[in-house]
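Structural overview for review
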Amino acid sequence: MKQNRETVSPMSNEGRNIYVIEHITESLLMLLEDKDIENISISELCDNAGIGRASFYRNFNSKEDILRSYINKLFDGWKRDWEKNNNIPLSSGIGMIFRHFEDHKKFYHLLNERHLIYLLKDVIMEIMELKPDLPKSEAYAKAFAAYTLYGWIEVWFQRGMQESAEEMANLFKMQGL
């Protein structure tokens, strides 16, 4: 078929990629409500999203990558707020993190329910600016704070987020972290 103005998609490559990413993400989140991630096939995911497998593999390497991308998208707003207020005490930043989780409670509850909380680890390490080339005292102090925060978040999710974000931030602050 010869392409012309009526047969060529008006969307740019970028627009198509955004469309694919949004639909794959929505599809995965919907499917996760009923089954574990390992029981969702790429074919089922793509069929449910209304896209081809090639589109999936053009944008992602795995189903977990979809969730990592979505988590990063959710955290983009938090990161902008943190950068605007980067002179605030760490305890206030921790409070902001817990509020972020409260604001997106349904999604994070789903991650917890499907045993996918481990996907948050990389985001938390990035937030805490944990890098191997830091001076040793700073690297270990940040590792201690980052892994402590990750552990607290995991337990908070497992407990059903009973405590408020403010309570969690205060408990964290009381630990002297």
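Source: prediction; values computed, not measured.

1. Here we look at helix α4 (residues 63–84)
Across its 22 residues, α4 extends 33 Å between first and last C-alpha, which sits within 8% of the 32 Å expected from 1.5 Å per residue. The largest bend in α4 amounts to roughly 35 degrees and is located at Phe75. Those residues of α4 lying buried are Lys63, Ile66, Leu67, Ile71, Leu74, Phe75, Trp78, Lys79 and Trp82. The N-cap of α4, judged by a side-chain oxygen 3.4 Å from the amide nitrogen of Glu64 a few residues on, is Ser62.

2. Concerning the packing of α4 against helix α6 (residues 105–113)
Remark: α4 packs on α6, axes separated minimally by 12 Å, with the N-to-C direction vectors making an angle of 150 degrees. The orientation of α4 with respect to α6, classified from their angle, is roughly antiparallel. Between α4 and α6 lies a crossing of left-handed hand. Facing Leu67, Tyr70, Ile71, Leu74 and Phe75 of α4, the residues of α6 in contact are Phe107, Tyr108 and Leu111. For the contact of α4 with α6, a count of residues per class yields eight nonpolar, no polar and no charged.

3. What about the confidence of the model for the protein?
Residues at a pLDDT of 70 or more form 89% of the protein, whose mean pLDDT is 87. For the protein, the element scoring lowest by mean pLDDT is helix α5 (residues 90–103), at 85; helix α2 (residues 42–49) scores highest, at 96. Confidence drops under pLDDT 50 across residues 1–8; counting only partners more than four residues distant or on other chains, this segment forms three contacts.

4. Re unusual backbone geometry
In most cases, non-glycine residues show a negative phi, while peptide bonds are predominantly trans. The phi dihedral of His115 is positive, around 60 degrees, even though this residue is not glycine. Examined against the element boundaries, His115 turns out to sit in the loop between α6 and α7 (121–127).

5. A short note on the pattern of salt bridges
Under the counting rule described, the total for this entry stands at six salt bridges. Of the charged contacts in the structure, one is a salt bridge between Lys35 and Glu44, with a shortest N-O distance of 2.8 Å. According to the relative accessible area criterion, Glu44 is partly exposed, its value standing at 26%. Taken together, the shared-partner salt bridges in this structure form one network comprising Glu129, Glu138 and Lys142.

6. Here we look at the packing of aromatic side chains
Going through the model one piece at a time under the given rule, you end up with eleven aromatic pairs. Here Phe56 and Phe60 contribute two aromatic rings whose centre-to-centre distance is 6.0 Å and whose plane-to-plane angle is 40 degrees, an arrangement assigned as tilted. Measuring from centroid to centroid gives 5.0 Å for Phe107 and Tyr108, while their planes differ by 65 degrees, and the two rings are edge-to-face. Residue classification places Tyr108 among the buried residues on the basis of a relative accessible area of 0%. Connected via pairs of aromatic rings, a cluster forms that spans Tyr70, Phe75, Phe98, Phe101, Phe107, Tyr108, Trp156 and Phe157.

7. Some remarks on the side chain of Glu163
Structurally, the position occupied by Glu163 is in the loop between α8 (136–158) and α9 (165–174). At 2.4 Å, the side chain of Glu163 forms a polar contact with the side chain of Arg159. Apart from the residues lying within four places of it in its own chain, the contact partners of Glu163 are Glu102, Trp156 and Met168.

8. Observations concerning the nonpolar core
One finds Leu67, Phe101, Tyr108 and Leu120 to be the most contacted residues of the largest nonpolar core, which totals 51 residues. Looking at this core, the elements with two or more residues in it are α1 (13–32), α2, α4, α5, α6, α7, α8 and α9. Not counting chain neighbours up to four residues away, the residues in contact with Leu120 comprise Ile71, Phe101, Tyr108, Tyr150, Ile153 and Phe157.

Rules behind the numbers
Residues numbered from 1 in each chain as written. Predicted model: local features only at pLDDT ≥ 70, side-chain atom pairs only at ≥ 80, totals over all residues. Heavy atoms only, no water. Helix = DSSP H or I, 4+ residues; strand = E, 2+ residues; numbered from the N terminus. Expected span 1.5 Å × (residues − 1). Bend = angle between axes of the 7 residues up to and from the residue. Buried < 20%, exposed > 50% of the residue type's maximum accessible area, 1.4 Å probe, protein only. Polar contact = N/O pair within 3.5 Å; in protein donor to acceptor, adjacent residues only side chain to side chain. Axes fitted to C-alpha atoms, helices over the stretch in contact; angles between N-to-C directions. Parallel < 35°, antiparallel > 145°, perpendicular 65-115°, else oblique. Left-handed = near helix turned anticlockwise from the far one by under 90°. Contact = heavy atoms within 4.5 Å. Nonpolar A, V, L, I, M, F, W, Y, C, P; charged D, E, K, R; others polar. pLDDT = per-residue confidence, 0-100. Salt bridge = Lys/Arg side-chain N within 4 Å of Asp/Glu carboxyl O. Phe/Tyr/Trp six-rings, centres within 6.5 Å; stacked < 30°, edge-to-face > 60°. Core = buried A, V, L, I, M, F, W, Y, C linked by side-chain atoms within 4.5 Å.

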